[in-house]
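Read off the chains here:
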Amino acid sequence: MKTTFGPQKILFPMPVSLVVTGNMGKANIVTIAWVTLLTSAPPTLGISVGTKGFSGEQIKENKHFTVNIASADKMTEADYCGIVSGREVDKFEKTGFTKLPSRHIDSPIIKECPLNIECELVSASLVGRTNHFIGRILEVHMDTDKLKDPDNPGTYLTELMNPLIYMGGAREYRKIGGKIGDAYSIGKKLKER
Ligand SMILES: Cc1cc2nc3c(=O)[nH]c(=O)nc-3n(C[C@H](O)[C@H](O)[C@H](O)COP(=O)(O)O)c2cc1C
């Protein structure tokens, strides 16, 4: 049996991303769980950013932002960036996160996040009270000590990346579990039957 709930904004799991806007001098961090890759050529990603917050204004003004994937050991800092506004506080100062310069844009990346993505704004649209921003991915940074092969981004060690997971609806944070199979491969078992 199933129960229906009508249109709900519920989805899980979601990575907790910390979106950095502004520049090295004045940067803001906003917690954004509504993030997804959109296209591979050119590589783009999309984020949903509420119109009430400060970050949306900064992205529209500066036309760039970085997406930084939070690790589970930075849960408290990541949550903090999602409950206060950059209009009132300097979130870099409060959290102790370290700004590192990006390669192609003015918005910095966060040193303590194991994956950092530089984006240039290529499209902005308004759906209800939410900005849908599409960013073209210009650069990807990863922690070298979390890669098996420093030249191959796909060889990251999941346990070391330790991404922070958000369960939408339940409003809880989780850690990732162990590996259970190889993608694009395990399903072949059913092909052969
Ligand atoms: C776990 C979590 C996920 C969130 N995801 C989003 C999101 O996807 N989009 C959004 O607009 N706000 C999201 N928020 C809320 C914003 O982070 C929050 O409104 C923030 O205070 C806005 O900060 P700003 O004014 O500095 O932009 C989330 C908050 C938390 C705690």
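Quick summary incoming for the structure in this document.

**Observations regarding the pairing of strand β9 (residues 115-127)**
As judged from the six bridges shared by strand β6 (residues 64-69) and β9, these two strands associate in the antiparallel manner. Of the residues in β9, the one forming a bridge with Ile 69 is Leu 115. Where β9 meets strand β10 (residues 130-142), 12 bridges bridge the pair, whose relative direction is antiparallel. Bridge assignment links Glu 118 to a residue of β10, and that residue is Glu 139. Taking the residues that link successive antiparallel strands as the turn, the β9-β10 hairpin has two residues, and the phi of Gly 128 there is positive, at about 65°.

**Focus: the site of the ligand**
The immediate surroundings of the ligand are formed by 21 residues, with Trp 34, Gly 53, Gly 82, Ser 85 and Gly 86 found nearest. Of all the secondary-structure elements, those providing two or more residues to the shell around the ligand are β3 (27-32), β5 (43-50) and α1 (54-62). Here the shell around the ligand takes four residues from β3, the largest share from any one element. Here the shell around the ligand is built from residues that sort into 10 nonpolar, nine polar and two charged.

**As for the sheet that holds strand β11 (residues 164-167)**
Read across the open sheet, the three strands follow the order β1-β11-β12; overall the sheet is antiparallel. Of all strands in the sheet, those bounded by a partner on one side alone are β1 (14-15) and β12 (172-175).

**Re the pairing of strand β4 (residues 35-40)**
As paired elements, β4 and β5 share five bridges and run antiparallel to each other. When the bridges of β5 are listed, Thr 39 appears paired with Thr 44. Counting the residues in the hairpin turn of β4 and β5 gives two residues.

**Remarks on the sheet that holds β3**
The strand order β3-β2-β6-β9-β10-β5-β4 describes an open sheet built from seven strands, whose pairing is antiparallel. In the strand order of this sheet, the two ends are held by β3 and β4, each with one partner. Neighbour-to-neighbour, the strand axes of this sheet turn through a mean angle of 35°, independent of strand direction. Contacting β2 (17-22), β3, β5, β6, β9 and β10, α1 crosses the sheet at an angle of about 55° to β2.

**Some thoughts on the nonpolar core**
Here is a general trend for soluble globular proteins: nonpolar side chains tend to be buried in one another's company. Core analysis: the largest hydrophobic core is formed by 30 residues, its most contacted members being Leu 18, Val 19, Val 20, Ile 29, Ile 32 and Ala 70. Elements that contribute at least two residues to this core include exactly β2, β3, β5, β6, β8 (109-110), β9 and β11. Broken down by element, the residue count for this core peaks at four residues, all from β3. Excluding anything up to four places from it in sequence, Leu 18 contacts Ile 29, Thr 31, Asn 68, Ala 70, Ala 78, Cys 81, Ile 110 and Cys 113.

The rules behind these values
- The residue count restarts for each chain, going from 1 along the sequence in the order it is written.
- It should be noted that, the model being predicted, local features are given only for residues of pLDDT at least 70 and side-chain atom pairs only at 80 or more, the latter also being counted only at that level, while totals for whole chains, interfaces and linings use all residues.
- A pair of strands is considered paired only if DSSP assigns at least 2 bridges between the two.
- The way it works is that DSSP assigns letters per residue, a run of H or I at least four long becomes a helix, a run of E at least two long becomes a strand, and they are numbered from the N terminus.
- We call a residue near a molecule or strand when the C-beta position, derived from backbone atoms, sits within 6 Å of it.
- Three classes are used, and their members are as follows: Ala, Val, Leu, Ile, Met, Phe, Trp, Tyr, Cys and Pro are nonpolar, Asp, Glu, Lys and Arg are charged, and the others, Gly among them, are polar.
- To define axes, lines are fitted to C-alpha atoms, for helices over the stretch in contact only, and angles between the resulting N-to-C directions are given on a 0 to 180 degree scale.
- Contact between two residues is assigned when their C-beta atoms, built from the backbone, lie within 7 Å.
- Put simply, a nonpolar core is a cluster of buried Ala, Val, Leu, Ile, Met, Phe, Trp, Tyr and Cys residues tied together by C-beta atoms within 7 Å.
- Exposed residues have 12 or fewer other C-beta atoms within 10 Å of their own C-beta, buried residues have 20 or more, and partly exposed residues fall in between, where C-beta atoms are placed from the backbone.

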